[in-house]
Amino acid sequence: MKWEIFILILLIIPQTLLVNNHSTLGEPLPLSPVNTSNTQITLYDEQLFLALDSYPVSTNITTYVKVVAQTGQSGFGPAYLLNAITNADWWYQVGVAYNWPFSNLTYEPGFSMIYMVWNSNGSPAIGPKLVSFNGSVNNGDIIKLEIYIHNGQITLCAYDTITSAKASVTLTAEGSEIVTNLNLVHGYITGLMTEWYHIRPYYGGETGVIYRLTNFAGEVTMGVNEFANTSSGIQTIFYYTTVYSLSNNYTFYNLTYAGAFEVTNGYYYITGNLYPIFLNYKILGGTFSVPLNATYTCLNFKKVTKMPSLIFANPGSNLTVPTLVYNGLSRIFLINQTPIKIDRTGNLTLYYQLQYYVSVNINVNASINGIFTTLTSGWYNGSTNISISPYTYYQNQSRIAIISVYPESQFTLKSPINLTITYVLQYYIYISSIVPVFGSINGTNSTVYTGWYNVGTVIKIYNITFYLSNETRVMITNVLPSSLIIVNKAYVIYVKELVQYFISVISPVRIYALINGTNESLTSNWYNANTLIYIENITIYGPNNSYRYLIVSILPSQNITVNKPLIIQITAVKQFPVTVISNVPVYALVNGSNESLSQHSWINAGTKIIIENITHYINNTARLIIISVLPSSNITINQAINITIYTLPQYYLNVTTNYPAYVYFNGKNITLSSGWYNKGTKIELYKIWYVNNVERQYLVNVYINGISTNNISIYMNYPIFLKLIYIIQYYISLSSPIPIKAIVNTTLVTFEAGWYNKGTSIVILNNTYYESSNIRYVILSVTPMNFTVNNSITIIVKVIKEYLVTINTPIQIIIYNKSVNTSEIWVPANEEIQIPKYINISSNERIFYNTSTYLINVTEPVKITVTPIKEYLVTINGVSQWIPSGTVITLTQTLPIYEQGRWEGTYNISNGGIITVNEPITETFIKGVNGPFVGGIILLIALILIVIILLILRRSRPKF
């Protein structure tokens, strides 16, 4: 027993003692056994149950049960129970018990309500208790059982819908709603149960009990069990369940186990010997309005129902239905075989054939559903296709020709019909004559032919002699029975003629013949028609019978009845004796004709004999084949000859294989098939056969005549039944530059290309492969990644190779057009990374990355050394320039001697002053006039002007 079922049984067997509730009768036995010493002997508790695993319940559940007064040998009766589990995992049971037993082995007679409550530990909390109805409850009454929760209380109720008798009890509710998701956790169920105690192990044979639910489709669990309540504890005799998914109310599902029977369709639940059957009938050939009743046995009572209907019938009982029903000129008859035994549950459809009465004023030939027969008045199946033939023939060579049919001659039978046929009687007149016969028909000259003539027709034959040719002449000698006929019956008119033909005889030897019984020499001459000529065939033998001559051809025949001009051609042939030595029958083409060769025979000289290679079968598994014919299988007879046949035994090899079997046979590879093989033939089976370079078969089992063997060499020394079992393997190719991991049939492996069984499950893992600490491969895609081997597949693994790029200090780098701040990064092979030369902190402050190169094509692991230098924007007289931090600058501006200036801005210094760059700097040179210098120049100019003026004045002074 599986451990789950063992735990389930432990849960269903509560381990606490019953609450002592003794009376003079003892205590009622519990609903489901518990350990108790109150019983005097071992009792066996049997349960049939239906757990409603997905029933739509909330605060109430209801069922209707048709109670049956039944007892076992002990006098104990069953309990018909409704069960409910609350969301607090408490179990409530209520039902109707009949002759329910007490612990002292007496019982409460008649019907009582019974209930019991179990707590969430699987132990009895209340009961079992019997409650009397407030009225009578009778065998066959329908009892409504109900459990409902309201305002913190739970009511257990039983109500007789026939007598209105009622019993109920209201308790404090443990839980607020009824559930199904706790089914069978403690052995509890929300559903239905029939329970019965016996004094000895026994199961089966219960009278059928019908429970009825509201319409339900979903999952249910049906089960049967038996427990023994012994002094040493509860013993499980058996426990069996099965789960069904109900989809409609027209399908019944049943459980049969240990003699028990139960069945449900989601609306009805039946325990015991009662079969639910959907009884229906169909009319073939049309519609029939008369209602049909069926009689059956239910709980040993005869019942009548109108079809179609659902019935509940005793197993093995007979179903009685009408076998022939009339409705005027319509009727139906039962096609099903009778009697009809009730031997299963489910659907039972009775088929009736509809027939209509056809009345016809004369029997006529007709096609009835394509079969040519005689149409007479009688019953015919509805929808029968009837087509009346234009003629109806009788045994006295007469017929009637149909003139008209009312209402129609071709129809499909959809109702009774009365056919009126108008016809004319005709007789067959046969003209026995070798030449055309001339005469008159009803006074009109005409050729008189063989054929059908209306009754009363007058036929007259003329006596005329005919000359057909120079070799044939004919004369009418008599007409029988008369040359004048009035048609009132079938006639054969014999026209007697005397015909003569000229016979020409051509023969190399003298020919004798019996001519009309007289032996004469046959010569060319005129002979009466029907003269009998039998040409004698005389054979001539050579010395020692080594050859003979015989007439082999008499043309047109050896026995001639003269009925036309003839040329009799005689041909003689030479023959030789032929002896055949063979242990099998020998067949040959003798001059192209298939014949059986006798052991001794005479054969014409020049005859061509081709011995046919026909196999002789000893039985269906052994035969002899012809392997050699001496002197040859193709012989032309020109002397006496002996033909010897040599044979070889063969045995039949019956091959059964799930795939084509390829073997090495007679020096080459073939596909092994069932067939005949020479005795001693060796067949080498291939353990592995390559269908192609990507598919192969692997031989796993060999059975010879039902016995398993490891031998792959087969010797045909007896008939063999060979069974071969192969598995298909496909080559799974791997296109991957790196090793990959995979789960093959739940096993983790390093995947390799190779042969894998059909149906193998393969899941490729997406793992990164590290070639070294600074080189790795990343899987981009695996195609396919997850598959079941059903054909050859190439697994294509696309990867990207990456190198580790390290930088001595975290910096901003650019890759894939994105900026990344890092000191370590994996970069795809041949991918470019860019180190920016500058990183702007602000508009006038930046970092200058000083390194050997700024654009790197990564083709190997790379270590980069970068020196970050902070720079500030220095603007001198409007000219900006980035200067490294700490740089010393001398501000000098060259001026004419007459100008002077100073620097103003971030620092105010004189021209030629020194500043250190530790921040952004803006300096502008401010120029001005050099006052002392300009004053000195002006003074000098003034002095020069004065000197010039003085000189001029001096020159212009008058001389004395």
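What you are looking at is a predicted structure, and each value in this text was computed from that prediction instead of being measured.

A.B. asks: What should I look at first to understand the overall build of the chain in this one?
C.D. replies: For the chain, the count of helices and strands is 2 helices and 88 strands. A compact globule built from 960 residues would reach a C-alpha radius of gyration of about 30 Å, whereas the chain, at 60 Å, exceeds it by more than 25%. Dimensions of the chain, computed from the C-alpha atoms along their principal axes, are close to 215 × 130 × 75 Å. Considering only residue pairs separated by 6 or more positions, the chain has 57% of its internal contacts joining residues 24 or more positions apart.

A.B. asks: What exactly am I supposed to notice about the sheet that holds strand β41 (residues 484-486) here?
C.D. replies: What links the strands of a sheet is backbone hydrogen bonding, and the strands pair in either a parallel or an antiparallel sense. Spatial ordering of the open sheet is given by β36-β35-β38-β41, a layout of 4 strands whose pairing is antiparallel. Edge positions in the sheet fall to β36 (444-447) and β41, since each of these pairs with one other strand and no more. In this sheet, adjacent strand axes meet at a mean angle of 25° when their direction is disregarded. Across 3 bridges, strand β38 (residues 458-461) lies against β41 in antiparallel orientation. Bridging across to β41, K460 finds its partner in L484.

A.B. asks: Looking at this structure, how should I read the environment of L156?
C.D. replies: When you line up the elements, L156 lands in strand β8 (residues 153-160). When the C-alpha positions of L156 and E146 are compared, they lie 6.1 Å apart, and in sequence the two are 10 residues distant. With sequence-adjacent residues up to four places away left out, L156 is seen in contact with Y92, Q93, V94, M113, Y115, E146, I147, A167, S168, V169 and L171.

A.B. asks: I keep staring at the sheet that holds strand β7 (residues 142-150) and nothing clicks. Help me out?
C.D. replies: Strands sit in the order β9-β8-β7-β2-β12-β17-β16-β15 across an open sheet of 8 strands; the sheet is antiparallel. At either margin of the open sheet sits one strand with a lone partner, and together these are β9 (166-172) and β15 (253-257). Taking each pair of neighbouring strands and ignoring which way they run, the sheet shows an average axis angle of 15°. Note: strand β12 (residues 209-212) against strand β17 (residues 268-271), 4 bridges, orientation antiparallel. Looking across to β17, one finds that V209 is bridged to T271.

A.B. asks: In this structure, what is going on with the environment of W196? I would like to understand it.
C.D. replies: Residue placement: W196 occurs in strand β11 (residues 191-198). It is 4.4 Å that separates the C-alpha atoms of W196 and P78, two residues lying 118 residues apart in sequence. The residues touching W196, leaving out its near neighbours within four places in the chain, are Y44, D45, E46, Q70, T71, G72, F76, G77, P78 and E206. A polar contact is formed between the side chain of W196 and the backbone oxygen of F76, at a distance of 2.9 Å.

A.B. asks: Explanation requested: the pairing of strand β48 (residues 548-555) in the structure shown.
C.D. replies: Every other side chain in a regular strand lies on the same face of the sheet, so the side chains alternate between the two faces. Pairing between strand β47 (residues 540-541) and β48: 2 bridges, direction antiparallel. When the bridges of β48 are listed, I540 appears paired with Y549. Note: β48 against strand β50 (residues 566-581), 7 bridges, orientation antiparallel. For S553, the partnering residue across the bridge sits in β50 and is T571.

A.B. asks: Can you walk me through the side chain of T447 in this structure?
C.D. replies: By secondary structure assignment, the location of T447 is in strand β36. For T447, a relative accessible area of 19% translates into the label buried. Apart from residues no more than four positions distant in its own chain, T447 is found in contact with V437, F438 and I441.

A.B. asks: Explain unusual backbone geometry here, please?
C.D. replies: Among all residues save glycine, negative phi is the norm, and among peptide bonds the norm is trans. Each neighbour pair has its own omega, and for M307 with P308 the value is 0°, a cis peptide bond. Summarising the element assignment, P308 is placed in the loop between β20 (301-306) and β21 (309-313). In this structure, the amide linkage connecting Y406 to the following residue, P407, adopts the cis form with an omega of 10°. Within the secondary structure, P407 sits in the loop between β32 (398-406) and β33 (410-412). The residue S164 is not glycine, and still its phi comes out positive at about 70°. By the secondary structure assignment, S164 is in the loop between β8 and β9. With a relative accessible area of 44%, S164 lands in the partly exposed category. The phi dihedral of N877 falls on the positive side, at around 55°, and the residue is not glycine. Tracing the backbone through its elements, the reader meets N877 in the loop between β82 (867-876) and β83 (879-884).

A.B. asks: I would appreciate a short explanation of the packing of aromatic side chains in the present structure.
C.D. replies: Considering all chains together, one arrives at 35 aromatic pairs under this definition. Centre to centre, the rings of F665 and Y677 are 5.5 Å apart; their planes meet at 85°, and the pair counts as edge-to-face. Of this pair, F665 sits in strand β59 (residues 661-665) while Y677 is found in strand β61 (residues 675-678), placing the two residues 12 residues apart along the sequence. A single burial state applies to F665 and to Y677, both of which are buried. Taken together, Y391, Y393, Y428 and W452 form an aromatic cluster joined through their ring pairs. Sitting over the ring of Y391, R399 keeps its end group 3.9 Å from the ring centre. When the ring centre of Y703 is taken as reference, the NZ or CZ atom of K723 above it lies at 5.9 Å.

A.B. asks: Before we go on, may I ask you to explain the pattern of salt bridges in this structure?
C.D. replies: One side chain can pair with another of opposite charge once the charged atoms of both are near each other. As enumerated under the stated definition, the model contains 6 salt bridges in all. Salt-bridge contacts for K144 lead to E146; the nearest nitrogen and oxygen are separated by 3.9 Å. A relative accessible area of 24% places K144 in the partly exposed class. For the salt bridge of E871 with R846, the shortest nitrogen-to-oxygen distance reads 2.8 Å. In this pair, E871 is assigned in strand β82 and R846 in strand β79 (residues 845-850), connecting sequence segments 25 residues apart. For R846, a relative accessible area of 10% gives the class buried.

A.B. asks: Which parts of the structure should I look at to understand the nonpolar core?
C.D. replies: Across soluble globular proteins, nonpolar side chains show a tendency to be buried alongside one another. Counting residues in each nonpolar core, the largest one holds 103 residues, and the members touching the most others are I147, L319, L350 and Y352. Broken down by element, the residue count for this core peaks at 7 residues, all from strand β26 (residues 346-360). Sequence-distant contacts of L319, that is, excluding residues within four places in its chain, are made with L279, A294, T295, Y296, I311, I340, I342 and L348. The next biggest cluster of nonpolar side chains, apart from the first, holds 26 residues, and it includes L43, I114, I189 and M193.

A.B. asks: In this structure, what is going on with the pairing of β20? I would like to understand it.
C.D. replies: Two strands pair when backbone bridges link them, and strand β19 (residues 293-298) and β20 are joined in this way by 6 bridges, in the antiparallel orientation. Among the inter-strand pairings, C298 is bridged to a residue of β20, identified as F301. Between the end of β19 and the start of β20, which pair antiparallel, lie 2 residues, with L299 showing a positive phi angle near 55°.

A.B. asks: Sorry, what's going on with the side chain of E695 here?
C.D. replies: Positionally, E695 belongs in strand β64 (residues 695-704). Despite its burial, E695 remains without a salt bridge, the nearest opposite charge being carried by K758 at 7.4 Å. Setting aside residues up to four positions removed in sequence, E695 forms contacts with W689, Y690, I728, Q729, Y730 and W755.

A.B. asks: Please explain the confidence of the model for the chain as it appears in this structure.
C.D. replies: If pLDDT is low for a region, its predicted coordinates should not be looked at in detail. Mean pLDDT for the chain: 88, with 96% of residues reaching 70 or above. When pLDDT is averaged over each helix and strand of the chain, the minimum, 32, is found for helix α1 (residues 3-12) and the maximum, 98, for β8. In this model, residues 1-25 is a region of pLDDT below 50 whose contacts with residues beyond four sequence positions or in other chains number 52 contacts.

Analysis parameters
Residues numbered from 1 in each chain as written. Predicted model: local features only at pLDDT ≥ 70, side-chain atom pairs only at ≥ 80, totals over all residues. Heavy atoms only, no water. Helix = DSSP H or I, 4+ residues; strand = E, 2+ residues; numbered from the N terminus. Rg over C-alpha atoms; globule rule 2.2 N^0.38 Å. Contact = heavy atoms within 4.5 Å. Pairing = 2+ DSSP bridges. Axes fitted to C-alpha atoms, helices over the stretch in contact; angles between N-to-C directions. Polar contact = N/O pair within 3.5 Å; in protein donor to acceptor, adjacent residues only side chain to side chain. Buried < 20%, exposed > 50% of the residue type's maximum accessible area, 1.4 Å probe, protein only. Phe/Tyr/Trp six-rings, centres within 6.5 Å; stacked < 30°, edge-to-face > 60°. Lys NZ or Arg CZ within 6 Å of the ring centre and 35° of its normal. Salt bridge = Lys/Arg side-chain N within 4 Å of Asp/Glu carboxyl O. Core = buried A, V, L, I, M, F, W, Y, C linked by side-chain atoms within 4.5 Å. Lys, Arg positive; Asp, Glu negative; His and termini not counted. pLDDT = per-residue confidence, 0-100.

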